[in-house]
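Working through the structure, step by step
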Amino acid sequence: MEELSREEQTLTREVADLHKIFQSSFFVERGVPVRVPLFLCENACVNKEYYVLLHWKKKDSAMETEKIKVPVKQALPMIAEMVKLKYVTDALGKSSGWIYHKLNHEKTTTTSKGFNQSDVNTLNELFNQIGEKLVGTRIYIPSGENKDSLTVRQEIIGQIQSVSDMVSMPYIYIGKMKKSTSWYLNRMRKNSTKASFKQEDINMINLSLIEIGNKLLSIELTL
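Residues numbered from 1 in each chain as written. Predicted model: local features only at pLDDT ≥ 70, side-chain atom pairs only at ≥ 80, totals over all residues. Heavy atoms only, no water.

With respect to the overall build of the chain
Scanning the chain from N- to C-terminus turns up ten helices and four strands. Each helix and strand of the chain, placed in order from N terminus to C terminus, yields the pattern α-α-β-β-β-α-α-α-α-α-α-α-α-β. Put simply, the chain has 223 residues, and 43% of those count as buried. In the chain, the proportion of contacts linking residues at least 24 apart, taken out of those at least 6 apart, comes to 70%. For the chain, the exposed surface amounts to about 12800 Å²; the carbon and sulfur share of it is 50%. (Helix = DSSP H or I, 4+ residues; strand = E, 2+ residues; numbered from the N terminus. Buried < 20%, exposed > 50% of the residue type's maximum accessible area, 1.4 Å probe, protein only. Contact = heavy atoms within 4.5 Å. Areas by Shrake-Rupley, 256 points an atom, 1.4 Å probe, with all protein chains shown as cover.)

Section: the packing of helix H4 (residues 85–92) against helix H6 (residues 117–135)
H6 packs onto H4 with a crossing angle of 115 degrees between their chain directions and a minimal axis gap of 11 Å. With respect to the hand of their crossing, H4 and H6 are arranged in right-handed fashion. Facing Tyr-87, Val-88, Ala-91 and Leu-92 of H4, the residues of H6 in contact are Thr-122, Leu-123, Leu-126, Phe-127, Ile-130 and Lys-133. When grouped by side-chain class, the residues that make up the contact of H4 with H6 number eight nonpolar, one polar and one charged. (Axes fitted to C-alpha atoms, helices over the stretch in contact; angles between N-to-C directions. Left-handed = near helix turned anticlockwise from the far one by under 90°. Nonpolar A, V, L, I, M, F, W, Y, C, P; charged D, E, K, R; others polar.)

Some remarks on unusual backbone geometry
A positive phi angle, close to 60 degrees, is found at Lys-178, a residue other than glycine. With respect to the helices and strands, the residue Lys-178 is situated in the loop between helix H8 (169–173) and helix H9 (181–187). Assessed through its relative accessible area of 66%, Lys-178 is described here as exposed.

Regarding helix H7 (residues 149–164)
Compared with the 22 Å implied by 1.5 Å per residue over 16 residues, the 22 Å span of H7 between its first and last C-alpha is a close match. Along H7, the residues that are buried comprise Val-152, Arg-153, Ile-156, Ile-157, Gln-159, Ile-160, Val-163 and Ser-164. Each buried residue of H7 sits inside an arc of 155 degrees when the element is viewed along its axis, so together they form one side. Check the buried side of H7 and you find it contacts H8, H9 and helix H10 (199–218). (Expected span 1.5 Å × (residues − 1). Arc of directions from axis to C-beta.)

Quick look at the packing of aromatic side chains
Throughout the structure, instances matching the rule amount to four aromatic pairs. Where Tyr-173 meets Tyr-184, the ring centres are 4.4 Å apart and the plane angle is 10 degrees; that geometry is what we call stacked. Within this pair, whereas Tyr-173 is found in helix H8, its partner Tyr-184 is found in helix H9, the two being separated by eleven residues in sequence. For the pair shown, Tyr-173 and Tyr-184 are each scored as buried. (Phe/Tyr/Trp six-rings, centres within 6.5 Å; stacked < 30°, edge-to-face > 60°.)

In structure tokens, the structure reads:
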């Protein structure tokens with residue numbers, strides 16, 4: 001049997017990792033259709049670096065409408081574990097306490113009357129947009145050609161920072177990767193070379209972003 005190339009071995013590992021994530025995801029366990037990855041192995045040259053493109057395709061039109069309906073008060077605390085609510089309120093042009101007061105209007109002195117249908121519709125639209133963005137996001141390690149290790153490191157950190165404004169990174173590095181906060185912070189120091197993200201770390205971050213995106217795309221908030 002012909003030995004697999006390095007690129008094919010990398011693809012095989014990433015496929016296996018992705019299958020594990022999808023099998024463990026709450027929406028798969030509940031039998032809810034999700035976007036199915038079609039793994040297309042392409043020698044796409046970005047600074048001569050090989051990487052895997054994950055292409056997504058809907059099985060049928062039912063995927064667009066079949067979602068888990070979850071009351072907004074139940075869904076938001078779960079979503080807050082994955083997505084920063086400050087990003088949500090900023091995107092909606094609301095104050096940082098808007099969601100808190102809506103969730104707890106019966107227990108606070110705020111004049112808020114809780115969520116209404118317009119609020120729910122707006123949140124559903126935003127979470128769908130975030131889900132689409134995360135499903136299509138890929139962090140990669142730039143080629144080291146014509147770049148020193150510090151420059152490569154800073155580019156990786158910049159990519160991760162661009163999603164960390166939106167995503168709760170502890171959900172990924174603690175919940176999915178089983179790493180500590182110090183592990184993550186050491187690798188996010190731009191001017192240090194003592195610890196850096198390896199390819200397998202980047203793979204798991206990317207796969208976790210896909211999982212979060214699909215979760216957001218698979219639910220519909222209700223009153």
